[in-house]
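An overview of the molecular structure
So you can see what is in the structure, the chains are spelled out below.
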Amino acid sequence: MKQVVGSHDIVFITLDTLRYDVAQRLYQAGELPVLGPRLPPGGWERRHSPASFTYAAHHAFFAGFLPTPDHPGRHPRLFATAFRGSETTSAHTHEFAQESVPAGLAGAGYRTICIGGVGFFNKETALGCVLPGMFQESHWKRALGVDGLHSTERQVALAIARLDALGQQRVFLFINVAAIHSPNRGYLPGCTSDNIDSHAAALRYVDGALAPLFAACAARAPTFAIVCSDHGSAYGEEGFRGHRIAHESVWNVPYAHFFIDFEGTTP
């Protein structure tokens, strides 16, 4: 990451509430034509979220604690905010003195942009301002949230407009994708209540909606992308529904990071 910071745009996308098992099933079925080719052989990496709901998970993410590989060991982190005794800060970790990754990247000359989705990013309450407040600019409106059936398309269009407006300045773009979060039944024709199949249908929609963003990144600058879930959601397993619970459907999340090659021309 020390070679990436400063030379690459950085795009961080959280697919809010996406379960690992659903994400991997769609990958194996060839139903992710946009994300699938960017994943490593075998598909999504299964990782453990640092928290079971959006607010807590993103606080950890923005301090550099991305989802942890699901096998034993000390796993070096991509980013870290400096603190004594860290056991996962390695020679390859980009360490910041600042209190958060957005603040650290801003200090490194990046324009930091948050495009919110679920309620913890809506800026309608004091609580809804905490996470967006970590960025130099933040955006949210109801059409970008859980009630907007076309929310991901609108988030992507806004992201592309902001990238276009910033010229050659390096950008840290964060998007919290809301479409997979409940209610997701609108993505499955005839569905009257959220279930595992409507969850999958929402991911299919999101996958297609992300294509213009990746194309815009390729045309703009070398880009490093992180795509993962913040937590999963239970749909009746062992009687559980939802999240903010200690259940494997919640803790196991899909994770990937990859480079988007620059295909444009240098001015």
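All figures in this text were calculated on a predicted structure; none of them were measured in a lab.

1. Considering the side chain of H75
- Relative to the assigned elements, H75 resides in the loop between β3 (68-69) and β4 (79-81).
- H75 sits in the buried class, given a relative accessible area of 15%.
- There is a polar contact of 2.6 Å between the side chain of H75 and the backbone oxygen of H71.
- Ignoring sequence-local partners within four residues, the contact set of H75 consists of T68, P69 and T88.

2. Here we look at the layout of surface pockets
- The space that makes up the largest pocket amounts to roughly 340 Å³.
- R47, H75, P76, R77 and L78 are the residues nearest the centre of the largest pocket, which is lined by 19 residues in total.
- Every element with two or more residues in the lining of the largest pocket is listed here: β3 and β12 (252-260).
- A breakdown of the residues in the lining of the largest pocket according to their chemical character gives 8 nonpolar, 9 polar and 2 charged.

3. A closer look at the packing of aromatic side chains
- Here the structure, examined in full by the defined rule, presents 15 aromatic pairs.
- With 6.5 Å between their ring centres and 85° between their planes, F12 and F62 make a pair best called edge-to-face. Taken as a pair, F12 in strand β1 (residues 9-15) and F62 in helix α2 (residues 54-62) lie far apart in primary sequence, 50 residues in all.

4. Remarks on the pairing of β12
- For β12, the tally of buried residues reaches 7 of 9 residues, placing the bulk of the element in the interior.
- Of the strand pairs in this sheet, strand β2 (residues 45-48) and β12 are connected by 4 bridges, and their pairing is antiparallel. Within β12, the position partnered with H48 by the bridge is N252.

5. Examining the sheet that holds strand β8 (residues 171-177)
- Strand order in this open sheet of 8 strands is β3-β2-β12-β9-β1-β8-β6-β7, and the pairing throughout is mixed. Where the open sheet ends on each side, the last strands, each with one partner, are β3 and β7 (137-139).
- Relative to strand β9 (residues 223-228), β1 runs parallel, the two sharing 6 bridges. In the strand pairing of β9, I10 is matched with F224.

6. Digging into the pairing of β1
- By the criterion of burial, β1 is predominantly enclosed, with 7 of the 7 residues buried.
- Across 6 bridges, β1 lies against β8 in parallel orientation. When the bridges of β8 are listed, I10 appears paired with F172.

7. Details of the environment of L127
- In this fold, L127 is placed in helix α4 (residues 127-130).
- A sequence separation of 37 residues divides L127 from D164, and the C-alpha atoms of the two residues are 30 Å apart.
- Discounting residues that sit within four places of it in the chain, L127 has contacts with Y55 and F120.

8. A word on the side chain of S100
- Mapped onto the elements, S100 comes out in the loop between β5 (94-96) and α3 (101-107).
- One polar contact links the side chain of S100 to the main-chain amide nitrogen of A103, over a distance of 3.1 Å.
- Every residue in contact with S100, bar those within four places of it in the chain, is listed here: F62 and T81.

9. Regarding the pattern of salt bridges
- Using the criterion set out here, one finds 13 salt bridges in the structure.
- The salt bridge involving D9 is made with R220; its shortest N-O contact spans 2.5 Å. One end of the pair, D9, is in strand β1; the other, R220, is in helix α7 (residues 211-220), with 211 residues separating them in the sequence. Each member of the pair, D9 as well as R220, is classed as buried.
- Residue R111 pairs with E137 through a salt bridge whose shortest N-O separation is 2.9 Å. Of this pair, R111 sits in strand β6 (residues 111-115) while E137 sits in strand β7, and the two are 26 residues apart along the sequence.
- The network of salt bridges with common partners includes D9, R170 and R220.

What counts and what doesn't
Residues numbered from 1 in each chain as written. Predicted model: local features only at pLDDT ≥ 70, side-chain atom pairs only at ≥ 80, totals over all residues. Heavy atoms only, no water. Helix = DSSP H or I, 4+ residues; strand = E, 2+ residues; numbered from the N terminus. Buried < 20%, exposed > 50% of the residue type's maximum accessible area, 1.4 Å probe, protein only. Polar contact = N/O pair within 3.5 Å; in protein donor to acceptor, adjacent residues only side chain to side chain. Contact = heavy atoms within 4.5 Å. 1 Å grid on protein atoms, 1.4 Å probe; cavity = no way out; pocket = protein on both sides within 12 Å on 5 of 7 lines; lining within 4 Å. Points joined across faces, edges and corners; volume = space filled by probe spheres on them. Nonpolar A, V, L, I, M, F, W, Y, C, P; charged D, E, K, R; others polar. Phe/Tyr/Trp six-rings, centres within 6.5 Å; stacked < 30°, edge-to-face > 60°. Pairing = 2+ DSSP bridges. Salt bridge = Lys/Arg side-chain N within 4 Å of Asp/Glu carboxyl O.

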